Amino acid sequence: MLEIRLHGRGGQGVVTAAEILATAAINEGRFAQAFAAFGPERRGAPVLAFTRINDKEILLRAQIYEPDVIVVLDHNLVSMEGLEEGLKSNGTVVLNTASEPEALMKRFAEAGRIATVDATDIAIKELGTPITNTAILGALLRATGIVRLETLEGVFKERFEAYAEKNVKAVRSAYQQTKVLDRRGRS
Amino acid sequence: MKRLGLSGNYAVAYAVKMADVDVIAAYPITPQTTIVEKLSDFVANGELDAEYVNVESEHSAMSACVGASLTGARVFTATSSQGLAYMHEVLFMASALRTPIVMTNVNRALSAPLNIWNDHSDAMAERDSGWIQLWASSAQEALDTTIEAFKIAEDVLLPVMVNIDGFIVSHTYEPVTLPDEGEVKRYIPSKPLTNRLSPRLAYSVGVVGPPEYYYEMKYQAVDAMERSRQRIKEIEADFNRRFGKDYKDINAYYMEDAEYALLAMGSMTGTARVVAESLRRRGERAGVVSIRWFRPFPFERLAEILEGVRGIGVMDRAVTPGGPSNPLFVDVASGLYGMAERPVLQSFVAGLGGRDVSTDEFGMMFSKTKEAARSGRAGPCIYVGLRE
Amino acid sequence: MSKRRLKGWKEIPMGGMVTEPGSSVEFDVSAWRTFKPVIDQSKCTKCGLCWIYCPEAAIVIKEDGRYEVDLTFCKGCGICERACAPRAITMVKEESA
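This structure is a prediction, so every number in the text was calculated from the model and none was measured. (Residues numbered from 1 in each chain as written. Chains lettered and ligands numbered in written order. Predicted model: local features only at pLDDT ≥ 70, side-chain atom pairs only at ≥ 80, totals over all residues.)

**Remarks on the overall build of chain C**
As a reminder, the rule being used: Numbered from the N terminus, helices here are DSSP runs of H or I no shorter than four residues, and strands are runs of E no shorter than two. Here the globule rule reads 2.2 Å times residues to the power 0.38, and the radius of gyration is calculated from C-alpha atoms. Note on burial: count the other C-beta atoms lying within 10 Å of the residue's C-beta; 20 or more is buried, 12 or fewer is exposed, in between is partly exposed, and C-beta positions come from the backbone.
Across its full length, chain C holds two helices and four strands. Element order for chain C, N to C, with α for helix and β for strand: β-α-β-β-α-β. Relative to the compact-globule value of 13 Å for 97 residues, chain C shows a C-alpha radius of gyration of 17 Å, a clear excess of over 25%. Projected onto the principal axes, the alpha-carbon positions of chain C cover approximately 55 × 30 × 20 Å. Here chain C holds 97 residues, and 15% of them are scored as buried.

**Quick word on the sheet that holds strand β12 (residues 293-295) of chain B**
All names here are of chain B. So the rule is basically this: At least two DSSP bridges between two strands are needed for those strands to be called paired. In this analysis, axes come from line fits to C-alpha atoms, helices being fitted only over the stretch in contact, and the angle between any two N-to-C directions falls in the range 0 to 180 degrees.
Taken together, the seven strands give an open sheet; going across it, the order is β3-β2-β4-β5-β7-β6-β12, and neighbouring strands pair in mixed fashion. Both edges of this open sheet fall to β3 (51-54) and β12, since each of them pairs with a single strand only. On average, each strand axis in the sheet is inclined to that of its neighbour by 20 degrees, with strand direction left out of account. With four bridges connecting them, strand β2 (residues 23-26) and β3 associate as parallel partners. Of the residues in β3, the one forming a bridge with I24 is Y52.

**Focus: unusual backbone geometry**
Residue and element names in this part refer to chain B. P113 follows A112 through a cis peptide bond whose omega is -5 degrees. Inspection of the secondary structure puts P113 in the loop between β5 (102-107) and α5 (121-124). Cis geometry marks the peptide bond from R295 to P296; its omega dihedral reads -5 degrees. Examined against the element boundaries, P296 turns out to sit in the loop between β12 and α10 (299-305). In the Ramachandran plot, S81 falls in the positive-phi region, its phi being about 40 degrees despite a non-glycine side chain.

**Concerning the interface of chain A and chain B**
What counts, and what does not: A pair of residues counts as a contact when their C-beta atoms, built from backbone coordinates, are separated by no more than 7 Å. Polar here means any residue other than Ala, Val, Leu, Ile, Met, Phe, Trp, Tyr, Cys and Pro, which are nonpolar, and Asp, Glu, Lys and Arg, which are charged; Gly is therefore polar.
Of the residues lining the interface, 17 residues belong to chain A; the matching set on chain B comes to 19 residues. Ranked by residues supplied to the side of chain A that touches chain B, first place goes to strand β2 (residues 31-36) of chain A with six residues. Here the residues of the side of chain A that touches chain B sort into 12 nonpolar, three polar and two charged.

**As for the packing of helix α4 (residues 149-160) of chain A against helix α5 (residues 164-177) of chain A**
Residue and element names in this part refer to chain A. Under the convention used in this document: Throughout, the term roughly parallel applies to angles under 35 degrees, roughly antiparallel to angles over 145, roughly perpendicular to angles from 65 to 115, and oblique to all others. Two helices that cross are described as forming a left-handed crossing if the nearer one is turned anticlockwise from the farther one by less than a right angle, and a right-handed crossing if clockwise.
It is at 9 Å that the axes of α4 and α5 come closest, and there the two elements cross at 155 degrees. With respect to α5, the element α4 is oriented roughly antiparallel. As α4 runs across α5, the sense of the crossing is right-handed. Taking contact as the criterion, the partners of L149, L152, E153, F156, K157 and F160 in α4 are, on α5, A164, N167, V168, V171 and Y175. Per-class residue counts for the contact of α4 with α5 are eight nonpolar, one polar and two charged.

**Here's the deal with the nonpolar core**
Within soluble globular proteins, side chains that are nonpolar tend to cluster in buried spots. The criterion, for reference: The nonpolar core criterion groups buried Ala, Val, Leu, Ile, Met, Phe, Trp, Tyr and Cys residues into a set whenever they are joined through C-beta atoms within 7 Å. Residue ranges for the domains trace back to a domain assignment, done automatically or taken from a database.
The biggest cluster of nonpolar side chains holds 181 residues, and the ones touching the most others in it are A18, V94 and I136 of chain A together with V160 and A261 of chain B. Looking at this core, you find at least three residues from each of domain 1 (2-190 + 227-243) and domain 2 (250-383) of chain B.

**Observations concerning the interface of chain C and chain B**
Across the boundary between the two partners, chain C contributes 11 residues, which contact 16 residues of chain B. Residues belonging to the side of chain C that touches chain B are distributed by class as follows: seven nonpolar, four polar and no charged.

**Some points on the pairing of strand β7 (residues 160-165) of chain B**
All names here are of chain B. Counting buried residues along β7, six of its six residues qualify, which places the element largely inside the surrounding structure. Across the two faces of β7 the burial is the same, with V160, V162 and I164 and M161, N163 and D165 all buried. Both β5 and β7 contribute to a ladder of six bridges, which runs parallel. Pairing of M103 across the sheet is with M161, part of β7. Across four bridges, the pairing between strand β6 (residues 132-135) and β7 is parallel.

**Regarding the arrangement of the chains**
Interchain contacts are distributed over two pairs of chains, and the most extensive set of them lies between chains A and B. Where chain A comes nearest to chain C, the C-alpha atoms are still 41 Å apart, and the two do not contact one another.

**Looking at the sheet that holds strand β9 (residues 250-253) of chain B**
Residue and element names in this part refer to chain B. Across the sheet, six strands lie side by side as β9-β11-β10-β13-β14-β15; this open sheet has mixed pairing. For this open sheet the edge positions go to β9 and β15 (382-383), each flanked by a neighbour on one side alone. Bridge count between strand β10 (residues 260-264) and strand β13 (residues 311-316): four bridges; the pairing is parallel. Residue pairing across strands places L263 opposite V314, the latter belonging to β13.

**A word on the domain arrangement of chain B**
By a widespread convention, an interface's size corresponds to the accessible area lost as its parts come together. All names here are of chain B. Considered domain by domain, chain B is made up of domain 1 (2-190 + 227-243) and domain 2 (250-383). Look at where the C-alpha atoms of domain 1 and domain 2 centre, and you get two points 27 Å apart. Among the secondary structure elements, those contributing two or more residues to the side of domain 1 that touches domain 2 are α5, β6, β7 and α8 (214-243). The dominant element in the side of domain 1 that touches domain 2, judged by the number of residues it contributes, is β6, at four residues. Taken together, the residues that form the side of domain 1 that touches domain 2 break down as 11 nonpolar, 10 polar and four charged.

The following block contains the structure:
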């Protein structure tokens, strides 16, 4: 079972990203769960969401304490203390940042793989607004390959209707621009 | 049959749409809101031909439901926590007037302090209201149980409350397979119901029941609830046959040879199963019992399942301050009182106000239950995860 | 006094409904009164206030427009006397049978 924790701010579509990811896995015939640590929802406040993906039915209903993957939608959260808490050793971090992954090796010492993309820049360019949830999913796919890009785009079409095309562009652009660094070197 | 990713709340909305309800009267409250939001979409865009009654409170929502149900309409509402509490007095009328209303209660803690998160105190506070209470543990089960609920309600003429855990089920996206709509319509055909109130049939409903009559009138609802045990079993068997499911009053996991078991309701039983599985791999004879019907409480089958089990941990997600124990424990204990060899019962309270219950905490509950089973003695209630 | 047999829970209509509309017309309350209203037709202006105020709907309007009291349903409460603007209604003590 793969467990993913997503960090972002209210208004960036953190919960939607978790749901889209789960829906894509479900559409590929697998089992998935997407849920959020709901609080008083306010634009700009830090938000946590979770996705579990598995090949058989998921019975577990507890929160995710030791994620395999951490996804960060907000560039200001990359430096937040405790962000990497619980990350499995050799886990993956997917970050919205203009920095190179090499520059973050010390910051995420436990991570086995670091992926970076300037999702804010892509979102502004493709969507005209800094809603980074779809762009960061492109980076996540590039770093982990957990679902197919086409499946993800199919979910966009169901969910975003008129805005689907722009989001498809954002996700493709992010997929291409993502830089992935393994402990063993850049892939 | 279509498999898609849906939240528990949306799964309920799809079920209500397939049930082709006539009237929806509801007031929004977190975490229920997205159910009636989705339903109002369905009504507005013409996918569902129903009257959507906007009301100013849950008290009015339930009152409107009672009135609508008395005309023979198929009626649905949904609420949570404070909303359910605000319906309180009308809930008793709905059951005693024998209105087959279906309501989703998305379980949420009661104030104070204000808390939007999940526990079972809302439903537990209404356990004597004469409503049938069914508990679903996943989005799929929420959908299926809601469809069953209409059939049950209209058959036994009692209102049915389907409980789903706030956020943990209501807002979690997971795979849901939609049943065939035609088959749903055959299972619960839309038909004029009791038709008690109409311009042609002028009846008086909700009259005064003086001491000479109240008792008899009340007993009718008691009798209906008792008789519903057999009917729900049959209606559920019919559902299982048509839709290829296996729903029961109580779900028992690894109970064939269990030495000890944890008993709970709702979505937490999933985590309990995961922990029991890992205990089994270590050679422990641990089991899980999940109560699906809370009212009517299936105490006879519970005793059958627990035959030979030495210790049971009962996990309550609500408290009864000053009571002999907490609500689920009390029902389990009195339900098992007639057993010749009763298991030892250890009480737990966990997950109040949305506090997460981790696998480690489930592990602790299993181990305390095992201790009680081995020693033949249970300790006082354990408040799991409570800080001192 | 012999004990009246009341219906059991199986005989009462479901939910305690009253299934016959307007069944209160079968209920004779004439024995409940101590006083009965008497209308002085010469003072009555046919304003209808008694008809409006009577809680038992025991005031009836005859075909010729006269107001009369239906003594089967009048409980003798005297509200009509209070309501009557031209003071055409007087409460008179019933004679014992």
